[in-house]
Amino acid sequence: MLKWILTLLLNGVSLIIVAHLFDAFYLDGYWTAILASFILSILNLIVRPVLVVLTLPLTAVTFGLFLFVINAITLMITQGLIGEAFVIDGFGTSILAAIILALLNLILNWLIRDRITD
């Protein structure tokens, strides 16, 4: 449970960093980032596996790069659920944000989360 909460917080930090990098990626504040992180975790649990299975041939052909498109789709669904507090202007911005979020989460998890023992 602690690792899941820590993951939510780290994803929220990543979302805030991406919001500062792109003008077309808007977050209303820290609580919106945490809410978006929570919704993303639910979508990654339910929707993402279905999308991965449905697009498995395309993902295999692109050597896994299509997973960034799936991550961008989950980001767009999240911004649709949250509303005006979380806005992504365009699918291209969503794909770039998904790539940067993946890199930031990799780095933050390596720095913080993997150092915590159960």
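Here we summarise the structure given alongside this text. (Residues numbered from 1 in each chain as written. Predicted model: local features only at pLDDT ≥ 70, side-chain atom pairs only at ≥ 80, totals over all residues. Heavy atoms only, no water.)

Let's talk about the side chain of T59
As a reminder of what qualifies: By definition, any uninterrupted DSSP run of H or I lasting at least four residues is a helix, any uninterrupted run of E lasting at least two residues is a strand, and each is numbered from the N terminus. Relative accessibility thresholds used throughout: buried, under 20% of the residue-type maximum; exposed, over 50%; partly exposed, between the two (1.4 Å probe, protein chains only). Any pair of residues with heavy atoms lying within 4.5 Å of one another is described as a contacting pair.
For T59, the position within the fold is in helix α3 (residues 56-61). Residue class for T59 comes out buried when judged on its relative accessible area of 9%. Setting aside residues no more than four positions away along its own chain, T59 makes contact with G64, F66 and L67.

Regarding helix α5 (residues 91-111)
For the record, the criterion: By this rule, a helix spans an expected 1.5 Å times one less than how many residues it contains. In this context, the arc is that of the directions from the helix axis out to the C-beta atoms.
Given a rise of 1.5 Å per residue, 21 residues ought to cover 30 Å, and the 30 Å separating the end C-alpha atoms of α5 matches this to within 8%. Residues T93, S94, A97, A98, L101, L104, N105, L108 and N109 constitute the buried set of α5. For α5, the arc enclosing every buried residue in end-on projection is 145 degrees, short of the 170-degree limit, so these residues lie on one face. Facing away from the buried side of α5, by more than 90 degrees, are the exposed residues L106 and W110. Elements that come into contact with the buried residues of α5 comprise α1 (2-21), β1 (25-27), α4 (66-82) and β2 (86-88).

Overview of the nonpolar core
We apply this condition: In plain words, nonpolar cores are sets of buried Ala, Val, Leu, Ile, Met, Phe, Trp, Tyr and Cys residues tied together by side-chain atoms within 4.5 Å.
Judged by nonpolar contacts, the single largest core of 20 residues is most densely connected at L15, V18, F25, L27, L75 and F86. Elements with a minimum of two residues in this core: α1, β1, α2 (30-54), α4, β2 and α5. With five residues, the single largest contributor to this core is α2. Residues contacting F25, with those up to four places away along its chain left out, are L15, V18, A19, F86, V87, I88, T93 and A97.

Brief notes about the packing of aromatic side chains
Spelled out, the test is: Put simply, two rings from Phe, Tyr or Trp (the six-membered ring, in Trp's case) pair if the centres are within 6.5 Å, and we call them stacked under 30 degrees between planes, edge-to-face over 60, tilted for the rest.
This structure, assessed with the given rule, holds two aromatic pairs. Aromatic side chains W4 and F38 sit 6.0 Å apart centroid to centroid with 70 degrees between the ring planes, which places their arrangement in the edge-to-face category. Of this pair, W4 sits in helix α1 while F38 sits in helix α2, and the two are 34 residues apart along the sequence. Ring centres 5.3 Å apart and planes at 70 degrees place the aromatic pair F25 and F86 in the edge-to-face group.

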